[in-house]
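Analysis of the macromolecular model
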Amino acid sequence: MSRGLFITLEGLDGSGKTTQINRLAEWLKKRGKLPVVTRQPGGTATGDRIRSLVLDSRSAGLAPLAEMALMFADRAQAIAEVIEPALADGRIVLCDRFTDSTEAYQGGGRELGSQVVLDLHRLVCGNLQPDLTLLLLPSLEASLARARRRNERIAAQSGKDEGRFEQELDGFYGRVREKYKEIAAREPERVVLIEGDLSIDEVQQKIAEAVAAHLWRFACTPSA
Ligand code: TMP
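The model shown is predicted, which means the values in this text are computed figures rather than measured ones. (Residues numbered from 1 in each chain as written. Predicted model: local features only at pLDDT ≥ 70, side-chain atom pairs only at ≥ 80, totals over all residues. Heavy atoms only, no water.)

1. Re the sheet that holds strand β5 (residues 191-195)
To keep it simple, the criterion reads: Two strands make a pair as long as DSSP finds a minimum of two bridges between them. Counting from the N terminus, the helices are the DSSP runs of H or I reaching at least four residues and the strands are the DSSP runs of E reaching at least two. Axis angles are defined between N-to-C directions and span 0 to 180 degrees, where every axis is a line fitted to C-alpha atoms and, for a helix, only to the segment in contact. In what follows, a contact means two residues having at least one pair of non-hydrogen atoms within 4.5 Å.
One open sheet accounts for five strands, arranged β2-β3-β1-β4-β5; its pairing is parallel. Of all the strands in the sheet, the pair left with one neighbour each is β2 (36-39) and β5. Between one strand and the next, the sheet's axes are offset by a mean angle of 20°, whatever the strand orientation. Each of β1 (5-11), β2, β3 (92-96) and β4 (132-137) is contacted by helix α1 (residues 17-30), which is oriented at about 170° to β3, the strand it contacts most.

Right under this line is the structure:
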């Protein structure tokens, strides 16, 4: 059994990742490949509890290092429980956020720097690297407006509060965006940067092109 393919989606809050991951999953299914779709934080029972803790506005006093440690605790659990078993089984894994998010948000946004994130990634995650990362970077204004609308909708529908990050000021998100661009420039082989206020269909087209190139290269098992 050949190893599967690990694809991550990254971007600012409200960048359209969730829509695109759902579309990509459908696109793959039509090609006979049933992906494992997961997200961070979350995606496991333990991870969902960590997600509630870190995203809830009541966790306002969370120290940046505690926040980073929780993101890595979530990730270690997801790798053990979901990601590694699926890759070992030859499956395609689509993961909504991974360590690039920690580097961008905690390293950039919270100003902890990249090195501590990369060091922890090596220690806690065995340095597992995605085969392909799709980085969606619409303008700051468009992303944040969409993220705030989404959180209001979630709060109205389910009563869940996931708004702690959206309460950050634009300076925080400017640093997150810059760090994402730095990662893309550092690892152009892995990271496909899709920048600007494109339509959903345009973004989907670019994602399909990038994934098609990888499917060809990695030749995943057709039945997976
Ligand atoms: P989501 O709504 O896209 O799932 O994102 C959850 C929030 O958590 C989002 O504001 C980004 C943030 N986050 C971090 O700050 N660090 C991380 O490592 C991850 C995975 C998410």
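Right, picking up where we left off after that structure.
2. Some points on the site of the ligand
Note the following rule: Nearness here has a simple test: a residue counts as near a molecule or strand if at least one of its heavy atoms is within 4 Å of that partner. Two N or O atoms count as a polar contact when they lie within 3.5 Å, although within protein this holds only if one can serve as hydrogen donor and the other as acceptor, and sequence-adjacent residues are included solely when both atoms are side-chain atoms. Surface accessibility follows the Shrake-Rupley procedure with a 1.4 Å probe radius. Residue values consider only the protein chains on display as shielding. Residues are grouped as follows: Ala, Val, Leu, Ile, Met, Phe, Trp, Tyr, Cys and Pro are nonpolar; Asp, Glu, Lys and Arg are charged; all remaining types, including Gly, are polar.
Asp13, Lys17, Arg97, Thr102 and Gln106 are the nearest of the 15 residues found near the ligand. Here an oxygen atom of the ligand sits 3.2 Å away from a polar atom, N or O, in the side chain of Arg75. The separation between an oxygen atom of the ligand and a polar side-chain atom of Thr102 is 2.6 Å. With the chains in place, 97% of the 490 Å² that the ligand exposes on its own is no longer accessible. Breaking the shell around the ligand down by element, the ones donating at least two residues are α2 (45-55), α3 (64-88) and α4 (99-109). With four residues, the single largest contributor to the shell around the ligand is α4. The class makeup of the residues in the shell around the ligand is five nonpolar, four polar and six charged.

3. Quick word on helix α6 (residues 140-158)
For the record, the criterion: Under the convention used throughout, the expected extent of a helix is 1.5 Å for every residue step, that is, one less than its residue count. A simple rule labels every residue: compare its accessible area, found with a 1.4 Å probe on the protein chains alone, to the largest value its type can have, and call it buried under 20%, exposed over 50%, or partly exposed in between. It is the directions from the helix axis to the C-beta atoms that the arc portrays.
Its 19 residues place the ends of α6 27 Å apart at the C-alpha level, agreeing with the 27 Å of an ideal helix rising 1.5 Å per residue. Those residues of α6 not exposed but buried are Leu140, Ser143, Leu144, Ala147 and Asn151. Buried residues of α6, viewed axially, fall in a sector of 90°; they line one side. Turned more than 90 degrees off the buried face of α6, the exposed positions are Glu141, Arg149, Glu152, Ala156 and Gln157. Those residues of α6 that are buried are in contact with α7 (170-186). Downstream of α6 by one or two residues, Gly159 has phi in the positive range, about 75°.

4. Observations regarding the environment of Val124
For Val124, the location among the structural elements is in helix α5 (residues 114-124). Here Val124 falls in the partly exposed class, since its relative accessible area comes to 35%. Setting aside residues up to four positions removed in sequence, Val124 forms contacts with Phe72 and Ala76.

Read these as geometric descriptors, not functional statements.
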